[in-house]
Structures are given as C-alpha cells and as structure tokens.
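# Analysis of the macromolecular model
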Amino acid sequence: MSEQQHRSKSGFETRAIHAGYEPDPMTGAVIPPIYATSTYKQDGVGGLRGGYEYSRSANPTRTALEGALAAVEEGERGFAFASGLAAEDTVVRSVCRPGDHVVIPDDAYGGTYRLFDKVEKVWGLEHSPAAVSDVDAVRAAIRPGQTKFVWVETPTNPMLNIGDIEALAAVAHEAGALLVVDNTFASPYLQQPLTLGADIVVHSTTKYVGGHSDVVGGAVVVRDLDLAESITFHQNAIGAVAGPFDSFLTHRGLKTLGVRIDRHCDNAEKVVEFLTSHPGVAEVIYPGLESHPGHAVAAKQMKRFGGIVSFRVKAGEQAALDACAKAEVFTLGESLGGVESLIEHPGRMTHASVAGTDLEVPADLIRLSVGIETADDLVADLDRCLG
Ligand SMILES: *Cc1c(COP(=O)(O)O)cnc(C)c1O
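Residues numbered from 1 in each chain as written. Predicted model: local features only at pLDDT ≥ 70, side-chain atom pairs only at ≥ 80, totals over all residues. Heavy atoms only, no water.

Surrounding the ligand, one finds Ser-83, Gly-84, Leu-85, Glu-88, Tyr-109, Asp-182, Thr-184, Phe-185, Ser-204, Thr-206, Lys-207 and Gly-217. One of the side-chain N or O atoms of Asp-182 is found 2.7 Å from a nitrogen atom in the ligand. Here an oxygen atom of the ligand sits 2.7 Å away from a polar atom, N or O, in the side chain of Thr-206. Starting from 380 Å² of accessible surface for the ligand in isolation, the protein chains cover 92%. Sort the elements by how many residues they give to the shell around the ligand and helix α4 (residues 84-95) lands first, with 3 residues. (Near = heavy atom within 4 Å. Polar contact = N/O pair within 3.5 Å; in protein donor to acceptor, adjacent residues only side chain to side chain. Areas by Shrake-Rupley, 256 points an atom, 1.4 Å probe, with all protein chains shown as cover. Helix = DSSP H or I, 4+ residues; strand = E, 2+ residues; numbered from the N terminus.)

Rendered as structure tokens:
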C-alpha cells in the first residue's frame, strides 16, 4: 500500500503502525533500523542515495517517524525535533520576523509562555495573551496585518479549557493569520486539528505520542507545501532535530497510541466518577463532564476526553499537598502522558513560576495524569490519599 493510500484510506491505528516505512528492501526488517550514522557515502560527488547527505538534514530513522506523524495528523509533512520547545521555536522562526505579533493562550504551557516572553520577545516578536475558550477575546487580541499566527492549546494545562478549533481557524484566517494548535494534551488519536482548519500542529511527543516517559521529543505537522518548505529549511538551519535513537523510541510509542489512549480515557472516566462523589472534593475539572464549560465543543472536536483530570480539594492547599505526598500507585512528579499514573500540585510544581501572574492556578488544585494501570488500584490509591 502506498504512503498516500495509508493517509487517505486507512484507519488511525493502521496509519500509526504502517505509515512512513516499508519493510527494509535488503533484509525485510519490519521496524525501521536505528541508523546511527552522521554521514552517507555518495556515489560520485552529489550522488546521494535516497537524498541522504548528513543526519542533521535527514536520517532514515527520523524520516520513518516523520512520515508516520504526518499520517496520524492527516497532514502532508511531518517533522521530528529534539523536544516540543525546539519544535515550537522552529515554527516561530519559520513564520515570523522581528516586528511581527502573535496571540498566545492566557494559560499556555509554562515553557511555551517562557519561550514567547523571554526568548522570542528579545528577538522582536510581540505577543498578546487571550483565553482560548473565548473566540471574541482572541479576535480582539489580533492586530490585522501584524499578527502572523494565533497559537492555541486545547485542552489547556492544568485547567483543561477548550478552544473551538474550527471557530478559531476562521477568526485567524479572516485576519490573514495562521492557526497553530499544540495538540499535546489530546494527541492525534483524539483530535486532528488540520482537519478542522488549523494550519500547523505541534506536539511535545515527550507526552502521549512517546507514551512511556523514556524520551523527550517534539513534532510539527503541516498540509501546506510552502509552509513545509520553510519548516524544512529552518529545521536544518537551526538544527534541533530528533536523533535516530530518540526517533526510534518515539516511533515505537506512536504505534500503540490508539490502544493506550483508549485505556487512559477509560481509567480517567472511572477516576472522575470516584472524585465527583467524594465528599472531600470541591470540584472536578474534566471536559467529559457536562458541567465543564467546554464540554459541547470538546464533544464536537474530540473523539473522547483524554487522560488528564484536575480537581480541587475542599480542605485547601495543605490538604492538597498532603494528598499528593500520600500517593503510592500514582507517582508524585511532573510531566504527563506516560503509561504510569502521575499526581502533582500545579501551584507548587509545574505552575510555580506563574504565581502572582494572570496564569496563577488555585492553591487547592491537584492534577492527575491517569495512566493505564488497573483502574481499581488507581481509585483505591486516591481514596487513601483523600481519606
Ligand atoms: C511538555 C509540553 C510542551 C513542551 O515540550 P518539551 O518536549 O518538554 O519541550 C509543550 N506544550 C505542552 C502542552 C506540553 O505539555
């Protein structure tokens, strides 16, 4: 089956497993080998085999991953980077020049906010924050002619706000801007922003795509070939590429994304059911709940509601800290999206740096990355933590 057929006709899991790679013609290896090579023999000057010249520009292990990433996001071209932030920086430099302006989420991932506020700003790129769940606020933050893109995360972290990708794409395009969606929290299994009008998808593949907490990586996927050309140029010129070992691990993770995410969602639903009936819990934040303000939009654009659950405890900050410290099956730690369940206190951990700003999160908030262990064990652990 050709690459094109994989993309247009096959189901998600088939694409995740097969796209981007045909069994090696010489050996029949069904999995892309780890091409631990920096350079390639040329058959006479300029006689490249398969276009491979130097591994910053291209490496076959990375090429296989990039093809699979494009296929699962229903894009034309995928790019694999050393980290999610490296992917983001390359997108910015591919689209913007000093003097331009961008709109970013008012509750952006902390590292994304730092990139715009401390790095791209010094380079001359202005940014305005707006709530992704408020289309009018995003429209008002756009400066027609100067705004190059609207950057959106949905769901956001850790409050799980939802942005309407179709509506935000229309608002961005009206003003001649692009829509960039950080699809890390949903993963391509639950949401494909390019099919809803987004121009660029970025990922921290460190999270669900890798899925095993064993590799840091990032991705960009686009449909437009001019954009693809600009990103190809900047990926090579800046050089923050995914190495062959990291590409191998990320690609291995991607193959099981569908089954893992379904189990993450099953377990998250059971955890939500337990938490909503617990007397010590003040509020459960999960887009799958009808009480969530973004529920209708999430139901429209996501296949299911994901594996991240946030909740507030009635007894306040110290009780939230104590609950995190008592966890045994949940591991106390940052990051998310791996097979193992994680618990954290955003106010003191992932979001400590935004204390005192508009991005500050409630002190009684706990965030869970619900893993794929036995659901009853997860519920029993939380019961003990909150007991
Ligand atoms: C982790 C994360 C990033 C940054 O990715 P790294 O791989 O850590 O560089 C960006 N966006 C979101 C939503 C994330 O969770």
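Moving on from the model shown.
For Asn-59, the location among the structural elements is in the loop between α2 (12-18) and α3 (60-72). Excluding anything up to four places from it in sequence, Asn-59 contacts Tyr-35, Thr-37, Tyr-40, Tyr-52 and Pro-244. (Contact = heavy atoms within 4.5 Å.)

Moving on, we come to the domain arrangement of the protein. What the domain assignment lists for the protein is domain 1 (3-255) and domain 2 (258-385). Centre-to-centre separation of domain 1 and domain 2, based on C-alpha positions: 26 Å. Contact residues are listed per partner, giving 33 residues for domain 1 and 38 residues for domain 2. Between Asp-164 and Lys-300 there is a salt bridge; the shortest N-O distance is 2.8 Å. At the junction of domain 1 and domain 2, the tally comes to 15 residue pairs in polar contact (both at pLDDT 80 or more). (Domains from an automatic or database assignment. Salt bridge = Lys/Arg side-chain N within 4 Å of Asp/Glu carboxyl O.)

A few words on the packing of aromatic side chains. Under the definition given, this model contains 6 aromatic pairs. Here Phe-116 and Phe-149 contribute two aromatic rings whose centre-to-centre distance is 6.3 Å and whose plane-to-plane angle is 65°, an arrangement assigned as edge-to-face. Here Phe-116, found in helix α5 (residues 110-120), pairs with Phe-149, found in strand β4 (residues 147-153); they are 33 residues apart in sequence, far enough to count as distant. Judged by relative accessible area, Phe-116 falls into the buried class, the value being 0%. On the basis of relative accessible area, Phe-149 is assigned to the buried category, the value being 0%. One aromatic cluster in this structure is built from Phe-116, Phe-149 and Trp-151. (Phe/Tyr/Trp six-rings, centres within 6.5 Å; stacked < 30°, edge-to-face > 60°. Buried < 20%, exposed > 50% of the residue type's maximum accessible area, 1.4 Å probe, protein only.)

Moving on, we come to the sheet that holds strand β5 (residues 178-182). Taken together, 7 strands build an open sheet; the order of strands is β1-β7-β6-β5-β4-β2-β3 and the sheet is mixed. Two strands lie at the open edges of the sheet, namely β1 (77-81) and β3 (126-130), each paired on one side alone. Neighbour-to-neighbour, the strand axes of this sheet turn through a mean angle of 20°, independent of strand direction. Pairing between strand β2 (residues 101-105) and β3: 5 bridges, direction parallel. Among the inter-strand pairings, His-101 is bridged to a residue of β3, identified as Glu-126. The strands that helix α9 (residues 225-238) touches are β1, β5, β6 (200-204) and β7 (218-222); relative to β1, the one it contacts most, it runs at about 20°. (Pairing = 2+ DSSP bridges. Axes fitted to C-alpha atoms, helices over the stretch in contact; angles between N-to-C directions.)

Here we come to the environment of Glu-360. Looking at the secondary structure, you find Glu-360 in the loop between β11 (342-344) and β12 (365-369). Between the alpha carbons of Glu-360 and His-203 there is a distance of 24 Å; along the sequence they are 157 residues apart. Polar side-chain contacts of Glu-360 include one of 2.9 Å to the backbone nitrogen of Gly-356.

Here we come to the side chain of Ser-247. Looking at the element boundaries, Ser-247 is found in helix α10 (residues 244-255). According to the relative accessible area criterion, Ser-247 is buried, its value standing at 1%.

This part is about the side chain of Asp-381. With respect to the element layout, Asp-381 can be found in helix α14 (residues 375-386). Of the polar contacts made by the side chain of Asp-381, one reaches the backbone nitrogen of Phe-330; its length is 2.9 Å. Beyond its immediate sequence surroundings of up to four residues, Asp-381 is in contact with Ala-327, Glu-328, Val-329 and Phe-330.

The next thing to look at is unusual backbone geometry. Each neighbour pair has its own omega, and for Thr-154 with Pro-155 the value is -5°, a cis peptide bond. Positionally, Pro-155 belongs in the loop between β4 and α7 (165-174). Of note, the bond from Asn-157 into Pro-158 is cis; its omega dihedral lies within 30 degrees of zero at 0°. Along the chain, the position of Pro-158 falls in the loop between β4 and α7. The backbone of Glu-74 sits at a positive phi, close to 55°, despite the residue not being glycine. For Glu-74, the location among the structural elements is in the loop between α3 and β1. You can call Glu-74 partly exposed: its relative accessible area is 28%. Non-glycine residue Ser-213 carries a positive phi angle of around 55°.

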